[in-house]
Amino acid sequence: EKLIFCIIRDVTARKATESRLRQSEERLQRIASQVPGALYQYRMAPDGSRSFPYFSEGVIALGGLSGKEFSGTNAAPFMARVLPEDEAIIEANTQASASSLSHAHTEFRIRHGDGSIRWIESRAVPQQEEDGSILWTGILLDITQRVEAEEKIRSMAVTDGLTGLTNRQEFNRLLDHEVERATRYHTPLALIMYDLDHFKRVNDSFGHDAGDDVLRTVAALSSEQLRNTDLHGRWGGEEFMVILPQSGLKAARDVAEKLRKTIASHDFSRVGRVTASYGVVELAPSENAKSLAQRVDEALYRDK
């Protein structure tokens, strides 16, 4: 004969608990699916090993991943998209948050699945677990549009809207900085100021749109003749300035002459030929930026 021994147990409570857990998980998934970006948990064990106990499926859209690339808590496909130059920033912020159990906030770049560069913001709250591990619960958001908007605002604040050159306010700041640096390190510094001749006639004869085209063209032609280290700005109206670091008076005069010939030889379509006058000065010992700008203005006036 075969005997079968059985244990019969009431599992009603267990089944109820499992049901509640399933409902909680489904509720969490529904919430996570409505959150822009991705929710995640990140654990750093006492031995330094790292893992992601949880990652919402929002990471698929965030990184431009395919469904096949992403599986459960495997964040490797997403993390592999982080730009190498930003990896140190992420690690430094993680270590700082772990040491003080403070909120972790990091902005970094990834290469999206479509090839574009996206800015990602990570915000997470850490807690220490019984085994000494640090567990962060956080969110990842795509902040590319915000970063681009902020960059555009910063650019507008320092850029002349017509020519794309540095505007006068920013140019003054740069001039102060370059004068201070040249004085500190005892290096030469030159300044060029140029002004288009009889520019009012251009506006009166051909209209302000034609005048604006001339200003844009002059700015572009002159910039092409300058070094990457030279700083080119619009001083106002038809006046422009050029800072030449590591350059003395003779070198600056040669640059000014090259710019003069470039503009004078260009055919400005309906307007025809346009000429410009130039002032050139070199920074004197113990001179400040205001005095240097005044001297170059006087030199330009003499040339006019």
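Residues numbered from 1 in each chain as written. Predicted model: local features only at pLDDT ≥ 70, side-chain atom pairs only at ≥ 80, totals over all residues. Heavy atoms only, no water.

I tried to follow the overall build of the protein chain on my own but got confused; where do I start?
If you tally the helices and strands in the protein chain, you get 10 helices and nine strands. Here the protein chain has a C-alpha radius of gyration of 32 Å; the compact-globule value for 304 residues is 19 Å, and the former is much larger. Projected onto its principal axes, the C-alpha positions of the protein chain cover 120 × 45 × 25 Å. Looking at the 304 residues of the protein chain, the share that counts as buried comes to 38%. For the protein chain, long-range pairs separated by at least 24 residues make up 56% of all intrachain contacts whose partners lie at least 6 apart in sequence. As displayed, the protein chain has an accessible area near 18,400 Å², and 51% of this comes from carbon and sulfur atoms. The positive charge centre, built from 39 side chains, and the negative charge centre, built from 45, are 2 Å apart in the protein chain. (Helix = DSSP H or I, 4+ residues; strand = E, 2+ residues; numbered from the N terminus. Rg over C-alpha atoms; globule rule 2.2 N^0.38 Å. Buried < 20%, exposed > 50% of the residue type's maximum accessible area, 1.4 Å probe, protein only. Contact = heavy atoms within 4.5 Å. Areas by Shrake-Rupley, 256 points an atom, 1.4 Å probe, with all protein chains shown as cover. Lys, Arg positive; Asp, Glu negative; His and termini not counted. Charge placed at Lys NZ, Arg CZ, Asp CG, Glu CD.)

What am I meant to see in the layout of surface pockets here?
Over the atoms, a rolling probe the size of a water molecule traces out where space has been left empty. Of the volumes computed, that of the largest pocket is approximately 330 Å³. Taken together, 19 residues line the largest pocket, and the ones lying closest to its centre are Tyr-40, Tyr-42, Ile-90, Thr-94 and Ser-122. Sorting the residues of the lining of the largest pocket by element identifies β1 (38-44), β2 (50-55), α3 (76-79), α4 (84-100), β3 (104-111), β4 (117-128) and β5 (134-142) as the ones contributing at least two each. Top contributing element to the lining of the largest pocket by residue count: α4, with five residues. (1 Å grid on protein atoms, 1.4 Å probe; cavity = no way out; pocket = protein on both sides within 12 Å on 5 of 7 lines; lining within 4 Å. Points joined across faces, edges and corners; volume = space filled by probe spheres on them.)

What's the story with the sheet that holds β2 in this structure? I'm lost.
Sheet strands line up and pair through hydrogen bonds in the backbone, either parallel or antiparallel. Across the sheet, which stays open at both edges, the five strands sit in the order β2-β1-β5-β4-β3 with antiparallel pairing between neighbours. Two strands bound the open sheet, and with one partner strand each, they are β2 and β3. When the angles between neighbouring strand axes are averaged without regard to direction, this sheet yields 30°. In this sheet, β2 lies alongside β1 in antiparallel orientation, the contact comprising four bridges. Looking at β2, one finds that Met-44 is bridged to Arg-50. Packed onto the sheet, α4 meets β1, β2, β3, β4 and β5 and runs at close to 160° relative to β3. Its contacts with the sheet put helix α5 (residues 144-158) on β3, β4 and β5, and the angle it makes with β4 is roughly 115°. (Pairing = 2+ DSSP bridges. Axes fitted to C-alpha atoms, helices over the stretch in contact; angles between N-to-C directions.)

Mind showing me how you'd approach the pattern of salt bridges here?
Two side chains with opposite charge may pair up if their charged atoms get near one another. Taken as a whole and judged by the stated rule, the model has 24 salt bridges. The closest approach of N and O atoms between Arg-109 and Asp-86, which form a salt bridge, is 2.9 Å. Remark: Asp-86 occurs in helix α4 and Arg-109 occurs in strand β3; sequence separation between them is 23 residues. The exposure class of Asp-86 is buried, given its relative accessible area of 4%. (Salt bridge = Lys/Arg side-chain N within 4 Å of Asp/Glu carboxyl O.)

Explain the environment of His-198 to me, please; I cannot follow it from the model alone.
With respect to the helices, strands and loops of the structure, His-198 is situated in the loop between β6 (189-196) and α7 (199-206). Each C-alpha atom of the pair His-198 and Ala-276 lies 8.9 Å from the other, and the pair is 78 residues apart in sequence.

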